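# Residue-level structure breakdown
Now for the letters of each chain:
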Amino acid sequence: MMAHSGAQSLQSLIVFLAVMVVIAGIGIGAWAIRPVPSYASEEQKAGSPFDATFTAENPSPWFAMKGLKFACVLDYVRASGREPTLIEATDVRFPAGSTGELKPGESATFKCPFRALFGLPPLNEDYGVVQRSQIYFHASYDLPFIGAIRLSHNSVPFLLNTRLLPPRWTSRPDG
């Protein structure tokens, strides 16, 4: 009788653990396929790299990113002593007909108003200052199907790549 009771307890424990493993697997799988924006710097013909326009794309084939907001972070400017600074993106342009949403495969453009941090004149082309800078982007958006939960994502760092003509921000110096 006690052996039977012990076997049932062990069986219950194994079933419980199996259910927990399945729930954890579903959670990890869902997290892995969540939409995460990808970024690129658009080619800039003239002016300062601090006036660059950036593109954010939703590479997810399944989920839209709703309630999307972008911010730019000036991570550092070498030898300036400036602390990392987060500023809201400006001139955000979503595809026609959508406000704050990127459907799968769609992209939006935005600018980072870094010039205001430096007090730079409108057409300053001091690439020396910019080359010693690092930026990244911060996006926040609603979790698909559960709009009450917000997700946030920080991009990889971007550096000014002067090997490209005209120079532009890239996630790696070798572009």
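Position numbers for residues count from 1 along each chain, tracking the sequence in the order it is written. Given that the model is predicted, a residue must reach a pLDDT of at least 70 before its local features are reported, and side-chain atom pairs must reach 80 or more before they are shown or counted; all residues, however, enter totals for whole chains, interfaces and linings. With hydrogens and water stripped out, all remaining heavy atoms of the structure feed into the side-chain values.

### Some remarks on the overall build of the protein chain
- Per the convention used, a helix needs a DSSP run of H or I reaching at least four residues, while a strand needs a run of E reaching at least two, with both numbered from the N terminus. For the protein chain, the helix and strand inventory stands at three helices and 12 strands.
- When a residue's accessible area, from a 1.4 Å probe over protein chains only, is under 20% of the maximum for its type it is buried; when over 50% it is exposed; and in between it is partly exposed. Every one of the 175 residues in the protein chain was classed for burial, and the buried ones make up 35%.
- On the protein chain, roughly 10500 Å² of surface is accessible, and the fraction owed to carbon and sulfur atoms is 61%. Using the Shrake-Rupley algorithm and a 1.4 Å probe, accessible areas are obtained, with residue cover drawn only from the displayed protein chains.

### Some points on the environment of Glu88
- Position of Glu88 among the secondary structure elements: in strand E5 (residues 85–88).
- Taking the C-alpha atoms as reference, Glu88 lies 9.2 Å from Lys111; in sequence the two are 23 residues apart.
- Dropping the residues within four chain positions of it, Glu88 is found in contact with Phe70, Ala71 and Pro113. What makes two residues a contact is simply this: any of their non-hydrogen atoms within 4.5 Å.

### Details of the state of the cysteines
- Cysteine sulfur atoms are paired as a disulfide whenever they come within 2.5 Å of each other. Scanning all chains against the criterion turns up one disulfide.
- For Cys72, the disulfide goes to Cys112, at an S-S distance of 2.0 Å. Between Cys72 and Cys112, the disulfide has an S-S torsion of -75 degrees and is therefore left-handed. With Cys72 in strand E4 (residues 69–77) and Cys112 in the loop between strand E8 (107–111) and helix H2 (115–118), this pair connects stretches of sequence that are 40 residues apart. Each member of the pair, Cys72 as well as Cys112, carries the same accessibility label: buried.

### A few points about the confidence of the model for the protein chain
- What pLDDT expresses is the predictor's confidence in each residue, scored from 0 to 100. Summarising the model, the protein chain shows a mean pLDDT of 76, and 74% of its residues fall at 70 or more.
- Every residue in residues 121–125 scores below 50 in pLDDT, and together they form 10 contacts with partners more than four places removed in sequence or on other chains.

### Here's the deal with the pattern of salt bridges
- Salt bridge, as used here: a side-chain nitrogen of Lys or Arg that lies within 4 Å of a carboxyl oxygen of Asp or Glu. One pass over the full model with this rule turns up one salt bridge.
- Between Arg150 and Asp142 there is a salt bridge whose closest N-O contact spans 2.7 Å.
- By relative accessible area, Asp142 is classed as buried at 19%.

### Describing the side chain of Ser155
- Inspection of the secondary structure assignment puts Ser155 in the loop between strand E10 (146–154) and strand E11 (159–161).
- Using a relative accessible area of 11% as the deciding quantity, one classes Ser155 as buried.
- Not counting the four nearest positions on each side in its chain, Ser155 is found in contact with Tyr39, Tyr136 and Phe137.

### Let's talk about the nonpolar core
- By convention a nonpolar core is built from buried Ala, Val, Leu, Ile, Met, Phe, Trp, Tyr and Cys residues, the set being connected through side-chain atoms within 4.5 Å. In terms of nonpolar packing, the biggest core is built from 25 residues, with Phe70, Phe110 and Phe137 touching the most fellow members.
- For this core, the elements supplying multiple residues, two or more each, are strand E2 (53–57), E4, E8 and strand E9 (133–143).
- At four residues, the largest contribution of residues to this core is made by E9.
- Look past the residues within four positions of Phe70 in its chain and what remains in contact with it is Tyr39, Ala56, Glu88, Ala89, Val92, Phe94, Ala108, Phe110, His138 and Ala139.

### Some details on the side chain of Asn58
- By the secondary structure assignment, Asn58 is in the loop between E2 and strand E3 (65–66).
- Asn58 gets classed as buried once you look at its relative accessible area, which sits at 0%.
- Polar contacts here mean pairs of N or O atoms no more than 3.5 Å apart (in protein, one a potential hydrogen donor and the other a potential acceptor; neighbouring residues in sequence count only if both atoms are side-chain atoms). Reaching out from Asn58, the side chain makes a polar contact with the backbone oxygen of Leu102 at a distance of 3.0 Å.
- When sequence neighbours within four positions are dropped, the list of residues in contact with Asn58 reads Pro35, Phe63, Ala64, Met65, Leu102, Lys103, Pro104, Gly105 and Glu106.

### Some thoughts on a nonpolar patch on the surface
- Within the patch definition used here, like charges are joined within 9 Å and nonpolar side chains (Val, Leu, Ile, Met, Phe, Trp, Tyr) within 5 Å, considering only residues with over 30% relative accessible area and no salt bridge. A cluster of nonpolar side chains, Leu10, Leu13, Ile14, Val15, Phe16, Leu17, Val19, Met20 and Ile23, forms an exposed patch at the surface whose accessible area comes to about 850 Å².
- Following the sequence through the fold, Leu13 ends up in helix H1 (residues 2–32).
- Classification of Leu13 by relative accessible area gives partly exposed; the value is 45%.

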